[in-house]
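A look at the structure
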There are 2 protein chains.
Amino acid sequence: MKNFQFKNPTKIIFGKDQISKLADEVPENAKVLMLYGGGSIKKNGIYDQVVAALDGIDYEEFGGITANPEYETLLEALAIVKAKNIDFLLAVGGGSVIDGAKFISSAALYEGDEPWDILSKRIRTSKGIPLGTVLTLPATGTEMNSGAVITRAETQEKLSMGGEGLFPVFSILDPSVVASVPQRQIANGLADAFTHVLEQYMTYPVGALLQDRFSESILQTLIEVAPVILDNPADYEAAASFMWSCTMALNGLIQKGVPTDWAIHMMGHELTALYGIDHARTLAILTASHYTHNLEAKKEKLAQYATRVWGITEGTTEEKAKAGIEKTTEFFQSLGIKTKLSDYTSESEGTAAKVADRLAARGMTKLGEKGIVSPADVEQIVEMSY
Amino acid sequence: MKNFQFKNPTKIIFGKDQISKLADEVPENAKVLMLYGGGSIKKNGIYDQVVAALDGIDYEEFGGITANPEYETLLEALAIVKAKNIDFLLAVGGGSVIDGAKFISSAALYEGDEPWDILSKRIRTSKGIPLGTVLTLPATGTEMNSGAVITRAETQEKLSMGGEGLFPVFSILDPSVVASVPQRQIANGLADAFTHVLEQYMTYPVGALLQDRFSESILQTLIEVAPVILDNPADYEAAASFMWSCTMALNGLIQKGVPTDWAIHMMGHELTALYGIDHARTLAILTASHYTHNLEAKKEKLAQYATRVWGITEGTTEEKAKAGIEKTTEFFQSLGIKTKLSDYTSESEGTAAKVADRLAARGMTKLGEKGIVSPADVEQIVEMSY
């Protein structure tokens with residue numbers, strides 16, 4: 001096991017009818033900016049619940065944060081924070097709204113001229129203005145971690161940021177919200193969380209027995225709840241296990257003491273930036289190609305996964321590893337997610353090279369847990385994904 | 001799944017050669033009291049490592065905190081805290097030293113006349129003086145939770161306390177320390193952590209799919225590392241998985257959203273208070289009897305445990321449940337732990353009634369996850385444990 005440090009101070013408030021507890025969690029006398037997305041919370045009743053809970057609290061609103069939260073939009077919210085002396089952010093939404101709020105939290109205290117530098121120059125955020133969340137879509141885990149991913153349309157860039165100052169102070173997770181999430185986004189959430197676990201688990205063995213089993217536990221739970229929740233998003237019990245699994249998939253716990261990959265995410269971000277493909281679907285497109293291309297480096301963990309998660313006990317290590325990859329593709333397809341790049345874009349010439357070049361331009365020439373995924377490998381992996 | 005709240009702010013610093021990081025974690029200008037136990041840390045080199053790390057920091061020492069930390073001893077340390085204006089506690093030891101430090105942390109800010117009231121009147125600690133730990137013995141999980149158990153010899157009482165003010169600010173976990181832990185204490189640590197998981201898992205199903213799998217993961221890991229670490233405590237990899245499993249067994253995570261039992265601990269504390277039997281061994285004595293006596297209420301989870309943890313797939317639910325109980329007893333015995341009360345004390349008349357009476361005198365007449373374990377049940381369970 002590798003040495004590690006772990007600290008996660010976010011307070012989770014989980015369960016039915018918990019949104020009403022908001023008022024107990026927002027600091028007294030705070031001046032709050034409530035952030036949300038495209039307005040779905042106004043249709044499903046969550047907006048009304050939040051507004052009721054904020055009764056007596058001084059707050060402003062800012063709606064319109066889209067999927068792949070957009071830098072220009074976030075700057076508008078930042079202007080409100082500064083003009084109105086906002087000292088607490090309340091993000092009501094899914095990963096995009098919460099990630100957007102994290103950027104605003106950091107940018108509000110950033111002393112440089114150009115807040116984009118936080119992303120492009122990878123400046124860690126040790127302190128932001130405090131942030132609470134009401135999660136409306138289980139998927140990214142951002143509700144209990146200190147990372148965010150922000151997009152800039154102008155330059156077709158999608159970059160990540162982080163730092164201990166970005167942990168939400170609290171996050172309210174009411175699984176009832178899943179009932180009103182569209183099928184497509186539930187499928188995306190399942191695939192996103194599943195891949196988050198894989199990125200931290202599908203590397204090479206380091207004797208981290210408990211971390212491996214925790215990762216397998218999350219994968220098994222997602223596999224178990226996926227058909228139930230897709231069939232009936234109003235199934236509260238399945239929604240609760242789905243929601244908690246998404247949080248645990250990326251709150252730092254399973255990555256401690258182990259090597260991590262994240263190459264799929266790095267390549268996937270480029271596909272989203274270039275073609276606007278849903279984040280989770282870019283992961284589903286790239287996973288099998290990445291693992292097949294890197295079979296030699298990953299086969300022991302792939303075989304362990306095939307056996308423990310999918311019950312495959314026959315065959316050599318390599319055969320089990322390949323069977324594990326196939327099962328993964330079948331799982332994504334069972335969610336209704338197409339797993340080939342050609343299902344999403346008719347452009348075929350040059351995409352693979354473009355992805356490799358864009359990553360290389362940002363210095364990402366040695367991806368993966370061993371740093372052996374070169375631009376040439378990226379090109380081959382994307383090519384295999386057609 | 002039940003509604004829950006989860007927050008655990010302790011910073012874990014895990015791995016080889018991490019004790020030297022102490023100085024970065026103790027607040028600047030702190031006046032520290034270093035607490036330790038019977039002096040084993042002076043033999044195994046940990047004392048020297050801590051003292052080296054504290055170079056330049058203003059600190060006092062207090063040694064002699066024994067197993068089942070004793071109230072009278074802790075009051076002596078408390079007097080030093082007050083006389084020397086100590087504002088940071090550093091506990092270097094196992095569960096007893098850390099629990100003792102938590103009591104001192106709470107008592108130092110307690111405004112009543114008699115600090116024992118914190119235990120006897122179950123006063124929650126919302127704020128204590130800050131506490132860091134260097135763990136020398138994996139077992140209780142106290143290094144990452146907000147609870148403690150304190151003993152008072154005078155009245156033969158062993159009581160628990162807790163509150164969010166008692167989370168250590170940081171805990172340093174170096175698995176290398178396991179190499180110098182005596183066999184008996186390693187066996188105790190394995191049994192203690194194993195039972196901690198059982199107390200939070202062996203109840204009835206509530207659809208908490210991930211929590212169940214996390215619990216099973218810890219049990220499986222302990223089962224896997226037990227023979228390795230007992231054979232060679234210097235096996236760093238096994239020690240690391242053992243240590244992290246003990247922490248995860250009782251840091252709050254697996255108990256969230258599920259019913260918990262804790263009857264075995266409540267009864268076990270009485271056996272320790274009455275006969276001085278090692279805490280972990282009281283748990284091994286009582287587990288099979290408790291589960292057999294409450295088979296009807298627990299058989300679904302017992303069968304799930306038998307199947308998932310021990311691979312038992314044949315038989316009815318009840319047969320699997322009973323096989324799971326047998327496997328548990330065999331596991332304790334494989335650690336070299338005797339599992340009958342008569343192995344530890346020749347007193348036989350009246351013990352069972354004494355345990356039941358003592359618990360009843362403190363209002364504990366409805367133990368277990370359903371509150372159905374009455375004093376008469378306690379008496380039968382202890383009787384069955386001979």
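Chain A goes by NADP-dependent alcohol dehydrogenase in an unreviewed UniProt entry, where it is assigned to Neolewinella agarilytica. Per its UniProt entry, chain A bears the Sequence similarities (unreviewed entry) comment "Belongs to the iron-containing alcohol dehydrogenase family."

Residues and elements named next belong to chain A. Here chain A is described as being made up of domain 1 (11-176) and domain 2 (182-384). Inter-centroid distance (C-alpha atoms) of domain 1 to domain 2 is 26 Å. Contact with domain 1, which involves 25 residues of that partner, is made by 23 residues of domain 2. Counting the surface lost from both domain 1 and domain 2, the interface buries some 2,100 Å², and carbon and sulfur atoms represent 62% of this. When residues of domain 1 are sorted by the area they lose upon contact with domain 2, P138, Q156 and K158 head the list and together hold 28% of the total.

Right, let's talk about the UniProt feature "domain: Fe-containing alcohol dehydrogenase-like C-terminal" (unreviewed entry) in chain A for a bit. The sites that UniProt annotates as "domain: Fe-containing alcohol dehydrogenase-like C-terminal" (unreviewed entry) are residues 188-370 of chain A. Span residues 188-370 of chain A is 68% helix and 0% strand, its end C-alpha atoms 28 Å apart.

So, on to the UniProt feature "domain: Alcohol dehydrogenase iron-type/glycerol dehydrogenase GldA" (unreviewed entry) in chain A. UniProt annotation of "domain: Alcohol dehydrogenase iron-type/glycerol dehydrogenase GldA" (unreviewed entry) refers to residues 9-175 of chain A when read in the numbering used here. As a span, residues 9-175 of chain A carries 29% helix and 26% strand, and end to end its C-alpha atoms are 22 Å apart.

This part takes up the interface of chain B and chain A. Between chain B and chain A, the residue contacts involve 40 residues of the former and 40 residues of the latter. Approximately 3,600 Å² of surface area, both sides summed, lies buried where chain B meets chain A, with 58% of it carried by carbon and sulfur atoms. In terms of surface lost to chain A, no three residues of chain B exceed M1, L210 and W244 of chain B, which account for 17% of the buried area on that side. Inspection of the region where chain B meets chain A yields two salt bridges. Between R213 of chain B and E224 of chain A there is a salt bridge, and its shortest N-O distance comes to 3.2 Å.

Residue and element names in this part refer to chain A. Residues of helix α15 (residues 375-384) that are buried: D377, V378, I381 and V382. Axial view of α15: buried residues confined to an arc of 130 degrees, hence all on one face. Looking at the buried positions of α15, the neighbouring elements they touch are α10 (263-275), α11 (279-293) and α14 (351-361).

According to the stated counting rule, one finds 35 salt bridges over all chains in the structure shown. Its salt-bridge partner being E60 of chain A, residue K84 of chain A comes within 4.0 Å of it at the nearest N-O pair. One end of the pair, K84 of chain A, is in the loop between α4 (71-83) and β4 (88-93); the other, E60 of chain A, is in strand β3 (residues 58-62), and 24 residues separate them in sequence. According to the relative accessible area criterion, K84 of chain A is partly exposed, its value standing at 41%. Among the ionic pairs, K121 of chain B bridges to D117 of chain B, the shortest N-O distance being 3.6 Å.

Moving on, we come to the pairing of strand β7 (residues 157-162) of chain A. Residue and element names in this part refer to chain A. Counting buried residues along β7, five of its six residues qualify, which places the element largely inside the surrounding structure. As judged from the six bridges shared by strand β6 (residues 147-152) and β7, these two strands associate in the antiparallel manner. In the sheet register, V149 faces β7, and the bridge partner there is S160.

Turning to a negative patch on the surface, a few remarks are in order. There is a patch of like negative charges on the surface, built from E72, E76, D113 and E114 of chain A. Residue position: D113 of chain A is located in the loop between α5 (95-109) and α6 (117-120).

Take the packing of α10 of chain A against α14 of chain A next. Residues and elements named next belong to chain A. Two numbers describe how α10 lies on α14: the axes approach to 10 Å, and their chain directions differ by 115 degrees. By the angle class used here, α10 and α14 are roughly perpendicular. In this structure, the crossing between α10 and α14 has a hand that is right-handed. Contact residues: M266, M267, E270, L271, A273, L274 and Y275 in α10; T351, K354, V355, R358 and L359 in α14. Classifying every residue of the contact of α10 with α14 gives eight nonpolar, one polar and three charged.

A separate point is the side chain of K298 of chain B. Looking at where K298 of chain B falls in the secondary structure, it is placed in helix α12 (residues 295-310). K298 of chain B has contacts with M202, T203, D261, H290, Y291 and E369 of chain B, leaving out every residue within four places of it along the chain.

Before going further, it helps to spend a moment on the packing of aromatic side chains. Residue and element names in this part refer to chain A. What the rule picks out here adds up to 25 aromatic pairs over all chains. For the ring pair F88 and F170, a centre distance of 6.0 Å and an interplane angle of 15 degrees mean the geometry is stacked. In this pair, F88 sits in strand β4 while F170 sits in strand β8 (residues 170-173), placing the two residues 82 residues apart along the sequence. For F170, a relative accessible area of 1% corresponds to the buried category. What links up through ring pairs into an aromatic cluster is the set F194, W310, F331 and F332. We note K16 situated over the ring of Y236; from NZ or CZ to the ring centre the distance is 4.3 Å. Over the ring of Y201 we find K301, and its NZ or CZ is 4.6 Å from the ring centre.

Rules behind the numbers
Residues numbered from 1 in each chain as written. Chains lettered and ligands numbered in written order. Predicted model: local features only at pLDDT ≥ 70, side-chain atom pairs only at ≥ 80, totals over all residues. Heavy atoms only, no water. UniProt positions renumbered as here; feature names shortened; annotations may be inferred. Domains from an automatic or database assignment. Contact = heavy atoms within 4.5 Å. Buried area = accessible area lost by both parts, 1.4 Å probe. Helix = DSSP H or I, 4+ residues; strand = E, 2+ residues; numbered from the N terminus. Salt bridge = Lys/Arg side-chain N within 4 Å of Asp/Glu carboxyl O. Buried < 20%, exposed > 50% of the residue type's maximum accessible area, 1.4 Å probe, protein only. Arc of directions from axis to C-beta. Pairing = 2+ DSSP bridges. Patch = residues over 30% accessible without salt bridge, like charges linked within 9 Å, V, L, I, M, F, W, Y side chains within 5 Å. Areas by Shrake-Rupley, 256 points an atom, 1.4 Å probe, with all protein chains shown as cover. Lys, Arg positive; Asp, Glu negative; His and termini not counted. Charge placed at Lys NZ, Arg CZ, Asp CG, Glu CD. Axes fitted to C-alpha atoms, helices over the stretch in contact; angles between N-to-C directions. Parallel < 35°, antiparallel > 145°, perpendicular 65-115°, else oblique. Left-handed = near helix turned anticlockwise from the far one by under 90°. Nonpolar A, V, L, I, M, F, W, Y, C, P; charged D, E, K, R; others polar. Phe/Tyr/Trp six-rings, centres within 6.5 Å; stacked < 30°, edge-to-face > 60°. Lys NZ or Arg CZ within 6 Å of the ring centre and 35° of its normal.

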